[in-house]
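One-letter residues, chain by chain:
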Amino acid sequence: MTVLLREQVADAARRLAHEGLLVGTAGNVSATSGDLVAITASGVVLAGCRPEDVTVVTPTGYVVEGELAPSSELSLHLGVYEDTDAVGVVHTHAPYSTTLACVLDELPVIHYQQLILGGAVRVAPYATFGTPELAVAVRAALEGRQAALMASHGSVTIGPSLSAAVDNALLLEWLAALYHRASALGVPKVLTQEEQDDVVRQALSRNYGNPQELASE
Ligand SMILES: [Zn+2]
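The text that follows walks through the structure, step by step, so that each part is easy to find. This one's a predicted model, so the numbers in the text were calculated from it and none came from an experiment.

### Details of the overall build of the protein
Move 1: If you tally the helices and strands in the protein, you get six helices and nine strands.
Move 2: What you see for the protein is a C-alpha radius of gyration of 18 Å, in line with the 17 Å of a compact globule of 217 residues.
Move 3: With the C-alpha coordinates of the protein rotated into their principal frame, the extents come out at 50 × 50 × 30 Å.
Move 4: Residues classed as buried in the protein amount to 47% of the 217 residues present.
Move 5: Taking all contacts inside the protein whose residues are at least 6 apart in sequence as the whole, residues at least 24 apart take part in 61%.
Move 6: Entry remark: accessible area of the protein is about 11100 Å², with carbon and sulfur atoms responsible for 55%.

What follows is the structure, given as structure tokens:
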């Protein structure tokens, strides 16, 4: 079982590197199954991440499989799994997400697709990487959300599967780039709460985001 889990984490890391969200050794990816968490190891070049570059730990961080020390943000990942039903966690220093995290206190909803992440994305206050203080701040910023930004640092996304956490990281980066470009032209218009509520209603009634068969005659 852990063979598959380590493969899935390595595949996700390589994909995010290919998409430009993970650069060099910066960022980390994890997934949980049963009582175990598989996380990219510290110092691994993520574009070439192999299953043996993924370390398997218990919920308390005890290494049960792998030769390499787990990511320095392990306590953040473990804390998120403790707080939520997430199955995958992605942490990046992606270019646009990190840019906004250096300026904003919150990424407001200027495009309806952001509601997939749960609404406005909070920016967790700055704390040194790898510290319990940072883990606490990010866990609070994630409340009711699938994403958070980390001040002067990067992004975290979660999901009910590892692939959903990856998709959410890509979506957050797209939204951050959108906000960046829109801000260059003027003040981005923020969707009102009523407009956001209407989107949720419409999405539910249309099963938005899933392929739908044509009604047969
Ligand atoms: Zn980081």
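### Some thoughts on the coordination of the zinc ion
Around a metal, the idealised angle for a tetrahedral arrangement of four donor atoms is 109.5 degrees; for an octahedral arrangement of six donor atoms it is 90 or 180 degrees.
Move 1: Within the first shell, the zinc ion binds the protein through His-91 (NE2), His-93 (NE2) and His-153 (NE2), at distances of 2.0 to 2.1 Å.
Move 2: Taking the relative accessible area as the measure of exposure, His-153 reaches 10% and is therefore buried.

### Re the environment of Val-45
Move 1: On the secondary structure map, Val-45 appears in the loop between β2 (36–40) and β3 (54–57).
Move 2: Among all residues touching Val-45, those that are not within four sequence positions of it are Gly-24 and Thr-25.

### Regarding the pairing of β3
Move 1: Residues of β3 alternate between two faces, with Val-54 and Val-56 on one and Thr-55 and Val-57 on the opposite face, all of them buried.
Move 2: Examined bridge by bridge, β2 and β3 share four bridges and lie antiparallel to one another. Paired with Thr-40 across the two strands is Val-54, which belongs to β3.
Move 3: Counting the residues that bridge the hairpin from β3 to strand β4 (residues 63–65) gives five residues, and of these Gly-61 lies at a positive phi of roughly 95°.

### Quick look at the sheet that holds strand β7 (residues 121–124)
Move 1: Here we have nine strands laid out as an open sheet, ordered β4-β3-β2-β1-β5-β9-β8-β7-β6, and mixed in their pairing. Edge positions in the open sheet fall to β4 and β6 (106–107), since each of these has one partner strand only.
Move 2: Bridge analysis of β7 against strand β8 (residues 147–150) gives two bridges, and the strand direction is parallel. Following the sheet pairing, Val-123 is matched in β8 by Leu-149.
Move 3: Its contacts with the sheet place helix α1 (residues 2–18) against β1 (28–33), β2, β3, β4 and β5 (88–92), and it is angled at close to 150° to β1.

### Observations concerning the nonpolar core
Move 1: Membership of the largest hydrophobic core comes to 26 residues, with the highest contact counts inside it found for Val-9, Leu-16, Leu-22, Val-29, Val-90, Leu-162 and Val-166.
Move 2: Residue assignment for this core shows that the elements contributing at least two residues are α1, β1, β2, β3 and α5 (162–185).
Move 3: Looking at this core, the element that brings in the most residues is α1, giving seven residues.
Move 4: Every residue in contact with Leu-162, bar those within four places of it in the chain, is listed here: Gln-8, Val-9, Ala-12, Val-29, Ser-30, Ala-31, Val-87 and Gly-88.
Move 5: In terms of nonpolar packing, the next biggest core, distinct from the first, is built from 22 residues, Leu-78, Leu-134, Ala-141 and Val-156 among them.

### Overview of unusual backbone geometry
Move 1: Positive phi outside glycine occurs at Ser-152, with the angle close to 50°.
Move 2: The residue Ser-152 is located in the loop between β8 and β9 (154–159) in this model.
Move 3: Given the relative accessible area of 46%, Ser-152 is considered partly exposed.

### Structural notes on α1
Move 1: Compared with the 24 Å implied by 1.5 Å per residue over 17 residues, the 24 Å span of α1 between its first and last C-alpha is a close match.
Move 2: Those residues of α1 not exposed but buried are Thr-2, Leu-5, Arg-6, Val-9, Ala-10, Ala-12, Ala-13, Leu-16 and Ala-17. Buried residues of α1, seen end-on, are gathered within an arc of 160° and therefore sit on one face of the element. Those residues of α1 that are exposed and aimed more than 90 degrees away from the buried face are Val-3 and His-18.
Move 3: On its buried face, α1 is in contact with β1, β2, β3, β4, β5 and α5.
Move 4: Taken from the residues just after α1, Gly-20 is the one with a positive phi, measuring 90°.

Reading the values: the criteria
Residues numbered from 1 in each chain as written. Predicted model: local features only at pLDDT ≥ 70, side-chain atom pairs only at ≥ 80, totals over all residues. Heavy atoms only, no water. Helix = DSSP H or I, 4+ residues; strand = E, 2+ residues; numbered from the N terminus. Rg over C-alpha atoms; globule rule 2.2 N^0.38 Å. Buried < 20%, exposed > 50% of the residue type's maximum accessible area, 1.4 Å probe, protein only. Contact = heavy atoms within 4.5 Å. Areas by Shrake-Rupley, 256 points an atom, 1.4 Å probe, with all protein chains shown as cover. Donors = N, O, S within 2.8 Å, 3.2 Å for Na, K, Ca; no water. Pairing = 2+ DSSP bridges. Axes fitted to C-alpha atoms, helices over the stretch in contact; angles between N-to-C directions. Core = buried A, V, L, I, M, F, W, Y, C linked by side-chain atoms within 4.5 Å. Expected span 1.5 Å × (residues − 1). Arc of directions from axis to C-beta.

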